[in-house]
There are 2 protein chains.
Amino acid sequence: MPRLEVCLTPAILDVYDLAGKNVIVTDVLRATSTMVAGMQLGVDHIRPVSEVSKALEYVGVENTLVAGERNGVQVEAFHLGNSPRGWMSEEARLKGKAVVMSTTNGTKAINMALGADKIYIGAFLNLDAVCKQVAQEDKDVLVVCAGWKNRINMEDSLFGGAVAQRLSDSFEIYGDAALMMRAHYITHRDDLYGAIRQGTHFKRLANHGVEDDIQFCMQENITEVVPYYSEGVIIQ
Amino acid sequence: MPRLEVCLTPAILDVYDLAGKNVIVTDVLRATSTMVAGMQLGVDHIRPVSEVSKALEYVGVENTLVAGERNGVQVEAFHLGNSPRGWMSEEARLKGKAVVMSTTNGTKAINMALGADKIYIGAFLNLDAVCKQVAQEDKDVLVVCAGWKNRINMEDSLFGGAVAQRLSDSFEIYGDAALMMRAHYITHRDDLYGAIRQGTHFKRLANHGVEDDIQFCMQENITEVVPYYSEGVIIQ
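Everything numeric here is computed off the predicted structure, so don't read it as measured data.

Student: Would you explain the overall build of chain A in this entry?
Tutor: Broken down by element type, chain A carries 11 helices and 11 strands. Here chain A has a C-alpha radius of gyration of 16 Å; the compact-globule value for 236 residues is 18 Å, and the two agree. With 236 residues in all, chain A has 59% of them scored as buried. Each charge class in chain A was averaged separately, 22 positive and 30 negative side chains, and the resulting centres sit 3 Å apart.

What follows is the structure, given as structure tokens:
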């Protein structure tokens, strides 16, 4: 039986062996939720870049939009922020486009997971779809939580627990982090938004006036898209 | 109101600022439980050293015993292992002695926390006593979980949650890790041993035949001793 593990912050990613594994990267608030929403809208591909300066090189490139944030706020020269609802209000502009994206935590986590066999983009929005995808492949899975500046946050941890809950029949849920977060998810699954509202990371983000976004991101299964990383870009 | 945070593995200790804080180091299975039991037995002081080779230098020193383990097993040349019940069966031999101690995770965590104002040794065995001590001091507190080879484990995380639960009235419970573990502790407080029996780390240790030890370590408040670190040694 393959193993399912959960890494609660990229700061401890080096204790996991990525080789031969499928990784699901999650940054629920909000990078991977926005990526999933964007692919659902018909974005052609998303190029995650760690540095703002690198993203800025793409401003003005044909058929390309630049998106992202630092510390929760859109970078001024970017076309779009890191808001799934913001992207959805720009559907016509995004369809068929390339997006270059840089965020505080999410794009860094993706770039740190490059040693894995395959990197899937996970969020509550595509929870069942991404679980179904990795379950088909019969390979060890590691959920990598983007966290917040190397700290653990509640929503990514709950997502890890949700994946563990979904995959319990076909995977060995391995490691105390995955086991604890599965229990935490089961306790809170009927009111995920209520659970994370208690969190320090929620309060930090809510100060930027993005409560509607947060509520949106805590919905399960609004899309079947399963974006994945291949040769520098996220596609589906 | 001072803050209470929980660091779930020493691998992310560098994201916390230790200066001016009280740290409670915990390695429930079993280093800090053994230290607490040892001080209760009348050990004069315990010198935590990270390396086995360093500990071996003390073999043969007058009034000094050498204790500890690697990967859950007593190092052959040491006088004692890392078992609180083992130490208790040697009470007469331990009374008034110096103990030099090296363990896989616990002593390393102590040595990593040296930037703190004061380092207390915490375990379920002295839970209320150590909480009472830090509550008196009106200073920010960080619980440092020793974990297992930089991974998160259930029993240390639950201890962090227990401290958060005890200190909720007089401290701001800060950070999603502390908040989640407080909830996890409250769910499992009536059967801590039952909770950790489900854990991967428990199974790893139980393979060494130390289930009785584990059951012992999951008891709350069997002693009032509050050992702390001062100038290279743990005293009370």
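Student: Explain the nonpolar core here, please?
Tutor: Taken as a class, soluble globular proteins show a tendency for nonpolar side chains to be buried jointly. By size, the foremost hydrophobic cluster in this structure holds 160 residues, and its most contacted members are A:Leu4, A:Trp87, A:Phe124, B:Leu4, B:Trp87 and B:Phe124. Apart from the residues within four sequence positions on either side, B:Leu4 is in contact with B:Val141, B:Val143, B:Val163, B:Ala164, B:Leu167, B:Phe171, B:Glu172, B:Ile173, B:Tyr174 and B:Ala178. Ranked by size, the runner-up nonpolar core spans 7 residues in total, among them B:Val52, B:Val75, B:Phe78 and B:Val100.

Student: Honestly, the pairing of strand S8 (residues 141-145) of chain A in this entry has me stumped. Any pointers?
Tutor: Regular strands place side chains that alternate from one sheet face to the opposite one. Residue and element names in this part refer to chain A. When you tally the buried positions in S8, you get 5 out of 5 residues, the bulk of the element. Of the two faces of S8, the one holding Val-141, Val-143 and Cys-145 and the one holding Leu-142 and Val-144 are both buried throughout. With 4 bridges connecting them, strand S1 (residues 3-7) and S8 associate as parallel partners. Paired with Val-6 across the strands is Val-143, a residue of S8. Bridging between strand S2 (residues 22-26) and S8 involves 5 bridges; their strand directions are parallel.

Student: What is the right way to read the environment of A:Met181 from this model?
Tutor: With respect to the helices and strands, the residue A:Met181 is situated in helix H8 (residues 176-188). Once the C-alpha coordinates of A:Met181 and A:Arg93 are considered, the two residues, 88 residues apart in sequence, prove to be 38 Å apart. Those residues in contact with A:Met181 that lie beyond four places of it in its chain are A:Leu8, A:Ser157, A:Gly161, B:Met180 and B:Met181.

Student: Is there a simple way to think about the interface of chain B and chain A in this case?
Tutor: By a frequent convention, interface size equals the accessible area lost on bringing the separate parts together. Taken residue by residue, the interface counts 29 residues in chain B and 29 residues in chain A. Of the roughly 2,200 Å² buried between chain B and chain A, counting both surfaces, carbon and sulfur atoms make up 64%. Counting across the chain B and chain A interface gives 2 salt bridges. Between A:Arg151 and B:Glu5 there is a salt bridge, with its nearest N and O atoms 2.8 Å apart. The interface formed by chain B and chain A holds 12 residue pairs in polar contact (both at pLDDT 80 or more) in total. Within the residue set of the side of chain B that touches chain A, elements represented by two or more residues are helix H7 (154-167), helix H8 (176-188) and helix H10 (200-206) of chain B.

Student: Can you walk me through the side chain of A:His45 in this structure?
Tutor: Residues and elements named next belong to chain A. Relative to the elements of secondary structure, His-45 occurs in strand S3 (residues 45-48). Among the polar contacts made by the side chain of His-45, one reaches the side chain of Asp-44 at a distance of 2.8 Å. Those residues within four positions of His-45 in sequence are excluded, and the remaining contacts are Met-39, Lys-97, Ala-98, Val-99, Val-233, Ile-234 and Ile-235.

Basis of the calculations
Residues numbered from 1 in each chain as written. Chains lettered and ligands numbered in written order. Predicted model: local features only at pLDDT ≥ 70, side-chain atom pairs only at ≥ 80, totals over all residues. Heavy atoms only, no water. Helix = DSSP H or I, 4+ residues; strand = E, 2+ residues; numbered from the N terminus. Rg over C-alpha atoms; globule rule 2.2 N^0.38 Å. Buried < 20%, exposed > 50% of the residue type's maximum accessible area, 1.4 Å probe, protein only. Lys, Arg positive; Asp, Glu negative; His and termini not counted. Charge placed at Lys NZ, Arg CZ, Asp CG, Glu CD. Core = buried A, V, L, I, M, F, W, Y, C linked by side-chain atoms within 4.5 Å. Contact = heavy atoms within 4.5 Å. Pairing = 2+ DSSP bridges. Buried area = accessible area lost by both parts, 1.4 Å probe. Salt bridge = Lys/Arg side-chain N within 4 Å of Asp/Glu carboxyl O. Polar contact = N/O pair within 3.5 Å; in protein donor to acceptor, adjacent residues only side chain to side chain.

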